Amino acid sequence: MVKHLALHETLDLHELLAFKNLCLTKTTTMSKLAEDEELRTIMEADAAAGIQHIQQIQKFLTNRGDMV
């Protein structure tokens, strides 16, 4: 049995993806301006996690028809 995402689920994922991209852009930009090393390290770790989350969401949206 193949499972498909409902329209509202797909729209929710696209909204989440847009939000994650915005957060990643802001974190990356602001981390370059941070003078405190600890804060910069936290922001860089958050950016790395954000990239992984974005990739997971993109993979989920791309492979949604392949789910069994």
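Residues numbered from 1 in each chain as written. Predicted model: local features only at pLDDT ≥ 70, side-chain atom pairs only at ≥ 80, totals over all residues. Heavy atoms only, no water.

1. Quick look at the packing of helix H1 (residues 7-33) against helix H2 (residues 37-62)
The packing of two helices is summarised by the inter-axis angle and the distance between the axes.
Okay, step 1: Put simply, H1 and H2 touch, their axes get as near as 9 Å, and they point 155 degrees apart. Taken as axis vectors, H1 and H2 run roughly antiparallel relative to one another. Remark: the crossing between H1 and H2 carries left-handed chirality.
Okay, step 2: Its residues assigned to classes, the contact of H1 with H2 shows twelve nonpolar, eight polar and four charged. (Axes fitted to C-alpha atoms, helices over the stretch in contact; angles between N-to-C directions. Helix = DSSP H or I, 4+ residues; strand = E, 2+ residues; numbered from the N terminus. Parallel < 35°, antiparallel > 145°, perpendicular 65-115°, else oblique. Left-handed = near helix turned anticlockwise from the far one by under 90°. Nonpolar A, V, L, I, M, F, W, Y, C, P; charged D, E, K, R; others polar.)

2. Quick word on H2
Okay, step 1: With 26 residues, H2 extends 37 Å between its outermost C-alpha atoms, agreeing within 8% with the 38 Å of an ideal straight helix rising 1.5 Å per residue.
Okay, step 2: When H2 is considered as a whole, its buried residues turn out to be Met43, Ala47, Gly50, Ile54, Ile57 and Leu61. (Expected span 1.5 Å × (residues − 1). Buried < 20%, exposed > 50% of the residue type's maximum accessible area, 1.4 Å probe, protein only.)

3. Looking at H1
Structurally, the α-helix is built with 3.6 residues per turn, so residues lying three or four positions apart point the same way.
Okay, step 1: Under the 1.5 Å per step criterion, the end-to-end length of H1 is 40 Å for 27 residues, consistent within 8% with the ideal 39 Å.
Okay, step 2: For H1, the complete set of buried residues consists of Thr10, Leu13, Leu17, Leu24, Thr27 and Ser31.
Okay, step 3: Residues of H1 that are buried sit in contact with H2. (Contact = heavy atoms within 4.5 Å.)

4. Overview of the nonpolar core
Soluble globular proteins tend to bury their nonpolar side chains together.
Okay, step 1: In this structure, Leu13, Leu17, Leu24, Ala47, Ile54, Ile57 and Leu61 together form the largest nonpolar core, which totals seven residues.
Okay, step 2: Mapped onto this core, the elements with two or more residues apiece are H1 and H2.
Okay, step 3: Examining the composition of this core, we find that four residues originate from one element, H2, more than from any other.
Okay, step 4: Residues contacting Leu61, with those up to four places away along its chain left out, are Leu5, Thr10, Leu13, His14 and Leu17. (Core = buried A, V, L, I, M, F, W, Y, C linked by side-chain atoms within 4.5 Å.)

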